[in-house]
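# Notes for the structure review
Letter by letter, the chains look like this.
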Amino acid sequence: MFAAITKESLADRVYRQLSETILRGELRSGDKLPAERHLAEQLGVNRGAVREGLKRLQQADLVQVRHGGSTEIRDWRECAGLELLPQLVADKRGQINQAAIHGIMTLRTQLAPGVAAAAALQATPAQIETLADWCRQLRQATTPTERQPRAHAFWTELVRATNNLGYQLAFNSLRSTYEQLWPLLTGVLDPEFRDVTSLEGIVQSLRDRDAESAAAHARTHVRIGEYAITTLLHALPSAGDSA
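Residues numbered from 1 in each chain as written. Predicted model: local features only at pLDDT ≥ 70, side-chain atom pairs only at ≥ 80, totals over all residues. Heavy atoms only, no water.

### Some remarks on the overall build of the protein chain
Rules: Strands are runs of DSSP state E lasting at least 2 residues, helices are runs of H or I lasting at least 4, and numbering of each runs from the N terminus. Each residue gets one of three labels from its accessible area relative to the maximum for its type: buried under 20%, exposed over 50%, partly exposed in between, using a 1.4 Å probe on protein chains only. Only the protein chains shown count as cover for residues, and the accessible areas themselves come from Shrake-Rupley with a 1.4 Å probe.
Secondary structure summary: the protein chain contains 13 helices and 2 strands in total. Residues counted as buried form 44% of the 243 residues belonging to the protein chain. Here the protein chain has roughly 12400 Å² of accessible surface; of this, 50% comes from carbon and sulfur atoms.

Written out as structure tokens, the structure reads:
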């Protein structure tokens, strides 16, 4: 079940191997991990690295330490948070997990209108002008490679303008996942990047303090990307339904 780990970044490698084993379903809710000493022997690392790796598993709500010191696997679908998203998008062979990507895009489509509506009520004049400037820069961009970081910067500023910690943390998790797929998505999401009209509509809605209009423009915009990703997924091999 476990493979030997090299001595580079031992605790990180311990965490990743154990967490991937849990996320793949090879260890299920209620199963118990071997004791630290036995794990260290199986993984070929010292007990300190195992202890730190187990601590990270516990922080991610993948395991819990029972009375008496045994470490038990938790049902991550019921306990874990958005920080697991980057690990779920692909398996260790690089195969895309279509179920995970679909879930992420659905979450993005549902969050975007709320983000835009909240920003319409909270954005400062300076933030609105920053967003308008990103729209101008998007208009000036001539390639997908130029458009992608500018579109990303627009949404980063829009989320910041909500002054809502929940939106900001959710966006951080989605961004970590997105950055793993950045080169793949440059061309795929370009139809969305080119939809500057909707982003300009969001900016005007922020100026008007019109939350409903801001949400509508955001919904139109991200659905372009959702359609593009759905089309891509149909052409890719799946890593299974581990999400």
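### Notes on empty space enclosed by the protein
Applicable threshold: Using protein atoms alone on a 1 Å grid, points that fit a 1.4 Å probe yet trap it form a cavity, whereas open point sets bounded by protein on both sides within 12 Å along at least five of seven lines form a pocket; residues with an atom within 4 Å of a point count as lining. Grid points are joined across faces, edges and corners, and a volume is the space filled by probe spheres set on the points. Put simply, Ala, Val, Leu, Ile, Met, Phe, Trp, Tyr, Cys and Pro go in the nonpolar bin, Asp, Glu, Lys and Arg in the charged bin, and everything else, Gly too, in the polar bin.
Following the criterion strictly, the structure yields 1 cavity of 30 Å³ or more and no others. As a volume, the largest cavity reaches approximately 540 Å³. Every residue lining the largest cavity is counted, 32 residues in all, and those nearest its centre are R108, H152, F171, L174 and Y178. Taken together, the elements giving at least two residues each to the lining of the largest cavity come down to α6 (98-122), α8 (144-161), α9 (165-180), α10 (182-188), α11 (190-193) and α13 (211-233). Considering only residue class, the lining of the largest cavity consists of 25 nonpolar, 4 polar and 3 charged.

### Looking at the packing of α6 against α9
To be explicit about the condition: To get an axis, fit a line to the C-alpha atoms, keeping to the stretch in contact for a helix; angles then go from 0 to 180 degrees between the N-to-C directions. In this scheme, roughly parallel covers angles under 35 degrees and roughly antiparallel covers those over 145, while 65 to 115 is roughly perpendicular and the rest are oblique. Handedness of each helix crossing follows the sense of rotation of the near helix against the far helix: counterclockwise by less than a right angle gives left-handed, clockwise gives right-handed. Pairs of residues are marked as contacts when any of their non-hydrogen atoms sit within 4.5 Å.
At a minimum axis distance of 11 Å, the contact between α6 and α9 shows a crossing angle of 140°. In terms of orientation, α6 and α9 fall into the oblique class. Classified by chirality, the crossing of α9 by α6 is left-handed. Touching I104, L107, R108, L111, G114, V115 and A118 of α6 are Y167, A170, L174 and T177, all from α9. Grouping the constituent residues of the contact of α6 with α9 by class yields 8 nonpolar, 2 polar and 1 charged.

### Topic: the nonpolar core
Just so we agree on the cut-off: Buried residues of nine kinds, namely Ala, Val, Leu, Ile, Met, Phe, Trp, Tyr and Cys, make up a nonpolar core once their side-chain atoms join them within 4.5 Å.
F154, W155, L158, I202, L206 and I229 are the most contacted members of the largest nonpolar core, which has 38 residues in total. When residues of this core are traced back to their parent elements, those giving at least two are α6, α7 (125-140), α8, α9, α10, α12 (196-208) and α13. Here W155 is in contact with A112, V115, F171, L199, I202, A218, H221 and V222, once residues within four sequence places are set aside. By size, the runner-up hydrophobic cluster in this structure holds 24 residues, among which are V14, L43, A60 and A100.

### Looking at the side chain of H152
Of note, H152 is situated in helix α8. Using a relative accessible area of 17% as the deciding quantity, one classes H152 as buried. Setting aside anything within four residues of it in sequence, one finds H152 in contact with F171, R175, Y178, E179 and W182.

### Describing the packing of α8 against α9
Running from N to C, α8 and α9 cross one another at 160°; their axes reach a closest spacing of 9 Å. In terms of their interaxial angle, α8 and α9 are classed as roughly antiparallel. Handedness of the crossing formed by α8 with α9: left-handed. Here Q148, H152, W155, T156, V159 and R160 of α8 lie close against α9, whose contacting residues are Y167, Q168, F171, R175, Y178 and E179. By residue class, the composition of the contact of α8 with α9 is 5 nonpolar, 4 polar and 3 charged.

### Topic: the environment of R209
The condition is simple: We call two N or O atoms a polar contact when they sit within 3.5 Å, provided that within protein one can donate a hydrogen and the other can accept it, with sequence-adjacent residues counted only if both atoms are side-chain atoms.
Checked against the element boundaries, R209 lands in the loop between α12 and α13. In this structure R209 comes out as partly exposed when scored by relative accessible area, which is 38%. A C-alpha to C-alpha distance of 9.7 Å links R209 and A118, two positions 91 residues apart in sequence. Looking at R209, its side chain comes within polar contact range of the main-chain oxygen of A123, at 2.7 Å.

### Digging into the pattern of salt bridges
Using the following cut-off: We define a salt bridge as a side-chain nitrogen of Lys or Arg found within 4 Å of a carboxyl oxygen belonging to Asp or Glu.
By the definition in use, this model includes 16 salt bridges. Between R24 and E20 there is a salt bridge, with its nearest N and O atoms 3.9 Å apart. Note on R24: relative accessible area 35%, which makes it partly exposed. Here D133 makes a salt bridge to R136, at a shortest N to O gap of 3.8 Å. Note that D133 and R136 are positioned in helix α7 at a spacing of 3 residues, about one turn of the helix. Given the relative accessible area of 31%, D133 is considered partly exposed. Each member of the salt-bridge network shares a partner with another, and the members are R16, E20, R24 and E26.

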